[in-house]
Amino acid sequence: MKKIFITGVAGFIGSNLAKKLLEDKNIFVIGLDNMNDYYDVDLKKYRLNKLTKYNNFTFFNCNLANKESLNNIFNTFLPDVVVNLAAQAGARDSIINPDNYIESNIIGFYNILEECKKYPVKHLVYASSSSVYGDNTKVPFSTDDKVDSPVSIYAATKKSNEVFAHAYSKLYDIPSTGLRFFTVYGPAGRPDMAYFKFTEKLVNNEKIQIYNYGNCRRDFTYIDDIVEGIIRVIEKPPEKKIGNDGLPIAPYKIYNIGNSHPESLNDFVTILIEELKNAGVLDNNFDLASHIELLPMQPGDVEVTYADTTELEKDFGYKPNTTLREGLKSFTQWYKDYYIDKKKINIK
């Protein structure tokens, strides 16, 4: 039985990945999450509850920065594959609360690397982010581009993950793959993401704030596409090779996972409103114009994210392809079921 250790398993991506993997009875998933209150813990519990019904799943509530607890997990289970998705997320919040990002995203990731060194794994897959491209003006973003200009602490921590992973891959021959995710969205997603926050405000008859006057463009990537990409990557670690100097060539790869089709925030909001109406979350007569406040660009934001997925397509024959309308339709239907039909909120 293959043993896969997923950190951040109660998170948006982690829970969806774990659920898909657990459907294969030949896979045993060890999950870790610290269940912090960066956003609604009930939502994390909701995701986690969908996993606990599987017999091939076990869960640990602890922090990656806790070296002893992490060592006990590795020593007990000897995972074949590690998928590190645990991280303190949010570009803007990282500017306000940098300590949280250093502890989770740098110290926590260092601890993961140390355990992979002590207990050699077949593959370390870890979450990077499109934010590493910073203020790059060349689009689409390619993994061949320089990523030396982060515009948030969060982006800087993700860039550091890639650098540390390369060093450990080279020094200790650990096959590692970093995945630069592009604006992941979908049912039971992160409430701090724009589509979720917009929905919450609109159902409460509040104004939504759209930065850069709606001219930002995002490469929205649906959660199922992300999960499929991760699973394909898990199954194909970078090949171990020996260089001319007799030392290992770092078995190390970086991929973009994005939809390769950036949408303007203005178009995004229009589609979101239409699907909220179709789902019965908003009234058909809802007036969008009176609920929008256009604002300038905010520190930590970038104007466009746009993934070049050529390498992903070449190595795995895969490219995300869920349209924004399809994805937002799924989200709005889930939102109605979770928040409105279950009376978690009252529409004002």
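Above this text sits the structure in question.
Attention in this report is confined to the structure presented alongside it. A quick note: this is a predicted structure, and the numbers were derived from the prediction, not measured.

Ranked by internal contacts, the top residues of the largest apolar core, which has 72 residues, are Ile 6, Val 83, Phe 181 and Phe 268. By residue number, the principal contributor to this core is helix 11 (residues 324-341), which donates 8 residues. Beyond its immediate stretch of four places on either side in the chain, Ile 6 contacts Gly 14, Leu 17, Ala 18, Leu 21, Val 29, Ile 30, Gly 31, Leu 32, Val 83 and Leu 85. In terms of nonpolar packing, the next biggest core, distinct from the first, is built from 24 residues, Phe 74, Phe 109, Ala 165 and Ile 174 among them.

The next subject is the environment of Met 193. Take Met 193: it is sitting in the loop between strand 7 (184-185) and helix 7 (194-203). Met 193 sits 103 residues away from Gly 90 along the chain, and the two C-alpha atoms are 8.5 Å apart. Setting aside chain neighbours within four positions, we find Met 193 in contact with Thr 183 and Val 184.

For the rest of this paragraph, the subject is the sheet that holds strand 6 (residues 176-181). Across the sheet, 7 strands lie side by side as 3-2-1-4-5-6-13; this open sheet has parallel pairing. The sheet terminates laterally at strand 3 (57-61) and strand 13 (252-257), the two strands that pair on one side only. Pairwise comparison of adjacent strand axes, ignoring direction, gives a mean angle of 15° for this sheet. For strand 4 (residues 81-84) and strand 5 (residues 123-129), the ladder comprises 4 bridges, and the chain directions are parallel.

This brings us to a nonpolar patch on the surface. Taken together, Ile 95, Ile 96, Ile 102, Ile 107 and Ile 153 make up a surface patch of nonpolar side chains, about 420 Å² in accessible area. Where the nonpolar patch is concerned, the elements lending two or more residues are helix 4 (91-96) and helix 5 (98-118). For Ile 153, the position within the fold is in helix 6 (residues 153-172).

Reading guide: rules and limits
- Residues numbered from 1 in each chain as written.
- Predicted model: local features only at pLDDT ≥ 70, side-chain atom pairs only at ≥ 80, totals over all residues.
- Heavy atoms only, no water.
- Core = buried A, V, L, I, M, F, W, Y, C linked by side-chain atoms within 4.5 Å.
- Buried < 20%, exposed > 50% of the residue type's maximum accessible area, 1.4 Å probe, protein only.
- Helix = DSSP H or I, 4+ residues; strand = E, 2+ residues; numbered from the N terminus.
- Contact = heavy atoms within 4.5 Å.
- Pairing = 2+ DSSP bridges.
- Axes fitted to C-alpha atoms, helices over the stretch in contact; angles between N-to-C directions.
- Patch = residues over 30% accessible without salt bridge, like charges linked within 9 Å, V, L, I, M, F, W, Y side chains within 5 Å.
- Areas by Shrake-Rupley, 256 points an atom, 1.4 Å probe, with all protein chains shown as cover.
- Salt bridge = Lys/Arg side-chain N within 4 Å of Asp/Glu carboxyl O.

Read these as spatial facts, not as claims about activity.
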